[in-house]
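# Chains, contacts and geometry: an overview
Listed below are the residues making up each chain.
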Amino acid sequence: MSAILPPYRSNLPAGRDDFGQLLHAEWTKLHTVRGWMIALVVAGLLVVAMAYLATFHHQNYVQASPSSPVVAAHPLVPMGPSGEAVTDTFYFVHQPLQGNGSITVRLSSLTGLIAQSSGSGSPGHGNSQSSASQSQASPGLALWAKAGLIVKDGTRQGAPYAALMITGAHGVRLQYDYTHDIAGPPVAVSAASPRWLRLSRSGDLLSGAESADGVHWTTVGSVRLAGLPGTVQAGLFVTSPPLASAHAFTSPTATSATAVFDQVSLAGHWPQGAWNGLAVGAGTLTPTLGSSGFRQSGGAFTVTGSGDIAPAVGDVGYTPEQSLQGVFVGLLVVIVLGARFMTAEYRRGLIRTTLTASPRRGRVLAAKALVLGAAAFAVGLIAAAISLPLGDRLLRVTGNYLYPVSALTETRVILGTAALFALAAVLALALGTILRRGAGVVAAGVVLFVLPSVLGAAYLPTSAEQWLLRLTPAAGYAIQQSLARYPQVSYAYTPANGYFPLAPWAGFAVLCAYVALALGVAALLLRRRDA
Amino acid sequence: MRPALHAEWTKLRTVAAQIWLLLAAVVLTVALSAFAAASARYAEAGPGLDLTRLSLTGIDLGQAVVAVLAVLAVSDEYSSGTIRATLTALPQRSTVLAAKAIVVGAVVLVAGAIAVLGCLLAGRLILPAGGFTAAHGYQLLSLAGGPTLRASVGSAFYLALIALLSLGVATAVRSSAAAIGVALGLLYLFPLATALVPSSHWQRHLEQIAPMTAGLAIQATVNLRGQPIGPWAGLGVLAAWAAAALLVGGLVLRLRDA
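Here the structure is a predicted model, which is why all the values come from computation and not from measurement. Within any chain, residue numbers begin from 1 and follow the written order of that chain's sequence. Labels follow written order: the first chain is A, the first ligand is 1, and so on. The predicted origin of the model limits local features to residues at a pLDDT of at least 70 and limits the giving and counting of side-chain atom pairs to 80 or more, whereas totals for whole chains, interfaces and linings rest on all residues.

### Points about the interface of chain A and chain B
Listed as interface residues are 38 residues of chain A and, on the opposing side, 36 residues of chain B. Numbered from the N terminus, helices here are DSSP runs of H or I no shorter than four residues, and strands are runs of E no shorter than two. When contributions to the side of chain A that touches chain B are tallied by element, the ones reaching two or more residues are α2 (34–55), α3 (327–348), α7 (438–449), α8 (451–457) and α9 (462–471) of chain A. Classifying every residue of the side of chain A that touches chain B by side-chain character gives 26 nonpolar, 9 polar and 3 charged. Here, residues touch in the contact sense if the C-beta positions derived from the backbone fall within 7 Å of one another. Classes in brief: Ala, Val, Leu, Ile, Met, Phe, Trp, Tyr, Cys and Pro nonpolar; Asp, Glu, Lys and Arg charged; the others, Gly included, polar.

Written as structure tokens, this is what we have:
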């Protein structure tokens, strides 16, 4: 009889296998390879250097005087009531209105002119001041040509206003304070079917109503303009925005509109009793066509105007993300690093040690992703936090105009850039786990993150570029967009002009989905395959 | 030289990954070209669009795959240790590199020619649907047109030169990830960084020396005067880059232990 020996058990306590230890191990692997730490620093430096390159010595609109090199507010771009850049160029037939009152008018015609072949302007900023002569124009009405009634806090550009109007193709609209737009009935105006408009003021409240016959009225909307003074300028206005060009390097085509108003009736106290004509914003950056003005014969007013009353879009100024154009260079370095962080384990056989020490493979991948992502995030954060104010300052010093951006948006741009770094690195890590080949991973990462921009700059049609920026991880760049899109302003909202096809968070979500998918596949393959 | 060529040919043709990469290069090139052709509209573009260049857009993507292929042809030898067997069998290191360059270059040239033909065929079939018809002053893409023939032949050579450039970089750098990073950085980041330079004068000069923008000038068939550099001169610039990379790679190969 031989006794069965109990199996050997070590007296030493089992080592802890907690996640913190795993993180510490991965962090040690990352920060003890000198080349990798240098790569991280270089990635950040490259972004800052590119920010300097992208913003340094840009041509300015106005020569800043030597005594005051820093231009606080651009003199040519008016600011709206809430501090946003606006376009405020129109023909205004006005007189003062004291206290409450209303103005009613019949609009019997709205026609327009479109400049013929504005030609291709020189690319770049600040070339949009053009005033084509009327002889080069052909008949045609801009879709967002506007004619109607307006109540405005004085005739200064950027002053608060409310306007009731008929547009070229978007029906009756009640717009106020540049960014707000209320849609009315989708009607057009002609001699056969004139349209009646009424705009009334009662304290801070402005109400617009429209009618087909001057008898039966429909309310379009009521808006509150807080702080409107007792005396305002009120009257008729006409304007017509430039047509957006599809290509970045052609300047927009100027248009003008002419409206015929009659049966003007006023209620309330209008002390002046006579109409004044004023081309608001003449000679500013907005491209206008021909000469605007008004003619009064009997009770009829023929008013011609050109320009727009709307939030400013396009190349009036620079955006904060202008200084982040070099981010892709940093991303390239981070992608190489992310790929190496995983493939180096396979190349050296270290992966077998790693997985022996921590057999739960999913946790190893998670720890690697966390450590690498955090390091890349920190580098991106520092680089963006330096680049943005640096670019801002360099552009302002040379007298350029920068779009005003809220602190919240600026934070989103900076944190979003940092997140781009983290996600690019983690995507490369996941691809490295899947492919195990450094070359393939880096090529895939570069193609996914950089190629859409290269193709956009090269020869791809805009629509194809927009699809690439919806479907590839490059959609994530949208998180850097600080400009807002306005449906009531027609403009070439293309990537070349700073507008991504997806909203910032939607684009970011596309990138996150890619990273999540890649990490999922990587975790699965890491478990299934032998190391 | 012949045994060296034979050895390299055997290595290239018996590695499954290389065959797949060649196939991927052709398929991705044609696919992106077809996508670009399908999304172009006459109403948007108007007259004067360079249809040949548009149809060859896929080369922009295909070159990345070709670069991977060329990098792996060298880096895999280092990561697996085959390089020591190779250099023991053929101690003349410059011969090894020359044989590699000839074999990889030739294979990529053939694949590139197939890809270019696919691109042109896609453009010929797809573009008329977008309104690029004779009625609007556009001719069907055809190799009979002199500039189109030059652009097509040149594009195949462009891919071969990209392969040689990447081969040289990989021989100098050895690590596949770093090599592909350098090669694609040279190709893609150069033009993007160029766009940031404020002075158009310097932009033009940078475009003349950047391997991708200069090399792709071979694809232009419209408005040749507006190009930063002439077609063949541009391809020459790329050839100079490739020669420089091979030279550096050859020196490193001779001077460093494998």
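Having seen the model, we can carry on.
### A word on the pairing of strand β9 (residues 205–211) of chain A
Residue and element names in this part refer to chain A. A pair of strands is treated as paired once DSSP finds two or more bridges between them. Sheet topology places strand β8 (residues 195–202) next to β9; 7 bridges connect them, and they run antiparallel. Opposite Leu199, over in β9, you have Gly208 as the bridge partner. Relative to strand β10 (residues 217–224), β9 is paired through 7 bridges, and the arrangement is antiparallel. Its bridge partner being in β10, Glu210 is matched across the sheet by Thr218. Between the antiparallel neighbours β9 and β10 lie 5 residues, among them Gly214 with a positive phi of about 85°.

### Notes on the pairing of strand β5 (residues 161–167) of chain A
Residue and element names in this part refer to chain A. With 7 of 7 residues buried, β5 is to be regarded as a mostly interior element. In terms of strand pairing, strand β4 (residues 146–152) meets β5 through 7 bridges, oriented antiparallel. Directly across from Ile150, in β5, lies its bridge partner Ala163. Once β5 ends, the chain turns through 4 residues before running back antiparallel as strand β6 (residues 172–176), passing Gly171 with a positive phi of about 70°. Buried means a residue has 20 or more other C-beta atoms within 10 Å of its own C-beta, exposed means 12 or fewer, and partly exposed covers the counts in between; C-beta atoms are placed from the backbone.

### With respect to the domain arrangement of chain A
Accessible area lost on assembly of the parts is the figure often given for the size of an interface. All names here are of chain A. Each domain span listed reflects an automatic or database assignment of domains. Partitioning chain A into domains gives domain 1 (19–58 + 318–528) and domain 2 (86–311). Its C-alpha centre places domain 1 at a distance of 45 Å from the equivalent point of domain 2. In this complex, domain 1 contributes 10 residues to the contact, which on the side of domain 2 involves 11 residues. Residues belonging to the side of domain 1 that touches domain 2 are distributed by class as follows: 5 nonpolar, 5 polar and no charged.

### A look at α7 of chain A
The span you would expect from a helix comes to 1.5 Å times its residue count less one. Look at α7 of chain A: 16 Å from first C-alpha to last across 12 residues, which is about the 16 Å you get at 1.5 Å a residue. All of the buried residues in α7 of chain A are Gly438, Ala439, Gly440, Val441, Val442, Ala443, Ala444, Gly445, Val446, Val447, Leu448 and Phe449 of chain A.

### Quick notes on the confidence of the model for chain A
Residue and element names in this part refer to chain A. Every residue carries a pLDDT, the predictor's confidence in it, which falls somewhere between 0 and 100. This prediction gives chain A a mean pLDDT of 83; 89% of its residues lie at or above 70. Across chain A, helix α10 (residues 504–528) holds the top mean pLDDT of 94, while strand β2 (residues 131–132) sits lowest at 43. Below a pLDDT of 50 lies the segment residues 60–73, which in the model reaches 20 contacts outside its immediate sequence neighbourhood of four places, other chains included.

### What to know about the packing of α2 of chain A against α3 of chain A
Residues and elements named next belong to chain A. Their axes nearest at 7 Å, the elements α2 and α3 cross at an angle of 170°. With respect to α3, the axis of α2 lies roughly antiparallel. Mapping the contact onto sequence places Trp36, Ala39, Leu40, Val42, Ala43, Gly44, Leu46, Val47 and Met50 in α2 and Val327, Val329, Gly330, Val333, Val334 and Leu337 in α3. Note on geometry: axes are C-alpha line fits, over the in-contact stretch for helices, and angles between N-to-C directions span 0 to 180 degrees. Our angle categories are set so that under 35 degrees counts as roughly parallel, over 145 as roughly antiparallel, 65 to 115 as roughly perpendicular, and the remainder as oblique.

### Some details on the packing of helix α5 (residues 361–397) of chain A against α10 of chain A
All names here are of chain A. Contact pair α5 / α10: the axes reach a minimum separation of 9 Å and the direction vectors enclose 140°. When the interaxial angle is binned, α5 and α10 end up oblique. Remark: the crossing between α5 and α10 carries right-handed chirality. Counted together, Arg361, Gly362, Leu365 and Ala369 of α5 and Leu519, Ala522, Ala523, Leu526 and Arg527 of α10 form the full contact between these two elements. A class-by-class count of the residues in the contact of α5 with α10 yields 6 nonpolar, 1 polar and 2 charged. The crossing is said to be left-handed when, going from far helix to near helix, the turn is anticlockwise and less than a right angle, and right-handed when the turn is clockwise.

### Notes on the environment of Pro311 of chain A
Residues and elements named next belong to chain A. Among the secondary structure elements, Pro311 is positioned in strand β17 (residues 308–311). It is 25 Å that separates the C-alpha atoms of Pro311 and Glu210, two residues lying 101 residues apart in sequence. Sequence-distant contacts of Pro311, that is, excluding residues within four places in its chain, are made with Glu84, Val86, Tyr178, Thr179, Tyr486 and Val489.

### What to know about unusual backbone geometry
Residues and elements named next belong to chain A. One non-glycine residue, Asp177, adopts positive backbone phi at about 45°. Position of Asp177 among the secondary structure elements: in the loop between β6 and β7 (180–183). On the neighbour-count criterion, Asp177 (20 C-beta atoms within 10 Å) is buried. Non-glycine residue Gln263 carries a positive phi angle of around 50°. Relative to the helices and strands, Gln263 is located in strand β12 (residues 255–269).

### Here we look at the environment of Val65 of chain B
Residues and elements named next belong to chain B. With respect to the element layout, Val65 can be found in helix α5 (residues 59–80). You can call Val65 buried: it has 28 C-beta atoms within 10 Å. Setting aside residues no more than four positions away along its own chain, Val65 makes contact with Leu21, Ala24, Ala25 and Leu28.

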